[in-house]
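What follows is the residue order along each chain.
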Amino acid sequence: MNRLVRGSVMLATTLGVLAACGGDPTSDGADKPTTIVTDPSVLFVANTDSQSITVELHNVLGQQLAADFAVTNVGAGIVVSRDDSFAVIDGNKPNPTKARFFVRPTDPSSFVSTTFDVIAGGLTRTVPVRITPANLPGTFSTTTPNIGDTVTLSAAAPLKFTPASTLTFGSIVAIPVGISLDSSTFTFLAPAGATGQGTATGMRLSFLESPQTIATTATIAVTNTVIIYPGTDDPTTAPVITAAGSGISTGIIDAATLAGPDLAGDGGIGTANYYQLVVPADGVFNIAVSWDSDADIDLIVCDDAACASADFQAATGAQPETGNYTLAAGTYYIEVEHFAGTAPTWFAITVKTE
């Protein structure tokens, strides 16, 4: 009998402890908000688009709570609007358990790294926003250049060009001349056949790790007129190409209409153009020539204006002709001559510092 009494007392004591704890250990703090959760946590929005973000208020158990969601402290360069058609109502409560907002840039030419705040249940969460480039807002200094004209493409800040940047129009590659000191402009020679939008590579934004490849919003239409550089029939007065820094290309596009002497003496049939190549520092340089016909064109690099010593490695039957040259600092001379076939109307010379 005593054992039964003691057992009953122990059972009653245990039930009393459970009752003191409220019976359900998960009920403590179930109505207390602890966290605002957003999906995604960081918002990347293309400059031509908008992006949605969903917001929830959670308790300590990760359960959703109904709340009056709102935004505040919206940073410059973005607009945040609530999607009133989106709501998840928890039973008969007047507020939803989830809200959705849309974020868009105020200006398609504006690239910003900013934030806005979500408030709910007495809590605040800051959401980072990055406006990223889906295109390259910018302008060409001229939209109707002649072949070989110098054209400058300006980018919208804070987009920047890099020494590795290139510009193409379909399969046509523009010859780069250089970028500005603040990296906001890219200067190039208008290539034959270029039309429509260009595609720029190597574009940088401070808040994006990877370089961007993006198309320009502006278009271009290169005319068929080819500029004629004075002096290309004489190496002593030939136009100058100055080799650029490591990894950078430069060059010239010239009408192939002059008939300079065949100083290299390898049997050119009429058209010989000359270009001075200034090498500021010792290095290896890739020199290439391309043209607009089925001709056999040779490229010869000479040590002096008389071409007493010539390098014929790019005098083959290839199109384009190209070679790698180890050159000391100084001035060299490039002879480009028509060797066989239909005469071209232009030459494109590129010099890349390796």
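Let us look at the structure shown here. (Residues numbered from 1 in each chain as written. Predicted model: local features only at pLDDT ≥ 70, side-chain atom pairs only at ≥ 80, totals over all residues. Heavy atoms only, no water.)

## Some words on the overall build of the chain
Spelled out, the test is: Helical segments are the DSSP runs of H or I of at least four residues, strand segments are the runs of E of at least two, and each set is numbered from the N terminus. Each residue's exposure class comes from its accessible area (1.4 Å probe, protein chains only) as a fraction of the maximum for that residue type: buried when under 20%, exposed when over 50%, partly exposed otherwise. We call two residues in contact whenever any of their non-hydrogen atoms come within 4.5 Å of each other. Only the protein chains shown count as covering a residue, and every accessible area follows the Shrake-Rupley method with a 1.4 Å probe.
Within the chain, the regular secondary structure consists of one helix and 27 strands. Counting only residues that meet the buried cut, the chain has 41% of its 354 residues in that class. Residue pairs in contact within the chain that sit at least 24 positions apart in sequence constitute 69% of those at least 6 positions apart. A total accessible area of about 16800 Å² is found for the chain, and carbon and sulfur atoms account for 54% of it.

## Description of the nonpolar core
Proteins that are soluble and globular tend to have nonpolar side chains buried together. For clarity, the threshold we go by: Residue types Ala, Val, Leu, Ile, Met, Phe, Trp, Tyr and Cys, when buried and joined through side-chain atoms within 4.5 Å, form a set referred to as a nonpolar core.
By size, the foremost hydrophobic cluster in this structure holds 54 residues, and its most contacted members are Phe116, Leu136, Phe140, Leu167 and Phe188. The residues touching leucine 167, leaving out its near neighbours within four places in the chain, are Phe140, Leu153, Ile172, Val173, Ala174, Phe186, Phe188, Gly198, Thr199 and Ala200. Grouped together as the second largest cluster of nonpolar side chains are 24 residues, Val279, Ala314, Tyr325 and Ile334 included.

## Overview of the side chain of threonine 232
You can see threonine 232 is positioned in the loop between β18 (212–221) and β19 (240–242). Not counting chain neighbours up to four residues away, the residues in contact with threonine 232 comprise Pro239, Asp254, Leu258, Ala272, Asn273, Tyr274 and Tyr275.

## What about the state of the cysteines?
Stated formally: Two cysteine sulfur atoms form a disulfide, by the criterion used here, when they sit within 2.5 Å.
Applying the stated criterion across every chain, the model contains one disulfide. Cysteine 302 shares a disulfide with cysteine 307; S-S distance 1.8 Å. Linking cysteine 302 and cysteine 307, the disulfide has an S-S dihedral of approximately -50° and is accordingly described as left-handed. For the pair cysteine 302 and cysteine 307, one class covers both residues: buried.

## Quick notes on the sheet that holds β19
Defined as follows: Any two strands with at least two DSSP bridges between them are considered paired. Think of each axis as a best-fit line through the C-alpha atoms, taken over the contacting stretch in the case of a helix, with angles from 0 to 180 degrees between the N-to-C directions.
The five strands lie next to each other as β19-β21-β26-β23-β24, forming an open sheet whose pairing is mixed. A single partner strand is all that each edge strand has here, and the edge strands are β19 and β24 (310–314). Neighbouring strand axes in the sheet, compared pairwise and without regard to direction, differ in orientation by 30° on average. Direction of pairing for strand β21 (residues 272–279) relative to strand β26 (residues 330–340): antiparallel, over a ladder of eight bridges. Within β26, the position partnered with valine 278 by the bridge is threonine 331.

## A few points about the pairing of strand β10 (residues 123–132)
As judged from the four bridges shared by strand β2 (residues 43–46) and β10, these two strands associate in the parallel manner. Residue pairing for β10: phenylalanine 44 is matched across the bridge by arginine 130. Looking at chain direction, strand β9 (residues 113–120) and β10 are connected through eight bridges and run antiparallel. When the bridges of β10 are listed, alanine 120 appears paired with leucine 123. With antiparallel pairing between neighbouring strands as the criterion, β9 and β10 make up a hairpin whose turn holds two residues, including glycine 121 at a positive phi of roughly 60°.

## Points about the sheet that holds strand β17 (residues 195–203)
Strand order across the open sheet formed by four strands is β14-β13-β17-β18, with antiparallel pairing between neighbours. Where the open sheet ends on each side, the last strands, each with one partner, are β14 (172–173) and β18. As defined by bridge partners, β17 adjoins β18 across six bridges and the pair is classed as antiparallel. Each residue of the ladder has a partner; that of alanine 200, found in β18, is isoleucine 214.

## Structural notes on the side chain of aspartate 83
Note the cut-off: The term polar contact refers here to a pair of N or O atoms within 3.5 Å; inside protein, the definition further demands a hydrogen-donor-capable atom paired with an acceptor-capable atom, and it admits residues adjacent in sequence only when both atoms are side-chain atoms.
The residue aspartate 83 is located in the loop between β6 (78–82) and β7 (88–89) in this model. Here aspartate 83 falls in the buried class, since its relative accessible area comes to 9%. Of the polar contacts made by the side chain of aspartate 83, one reaches the side chain of arginine 100; its length is 2.7 Å. When neighbours within four sequence positions are excluded, aspartate 83 is seen to be in contact with Arg100, Phe101 and Phe102.

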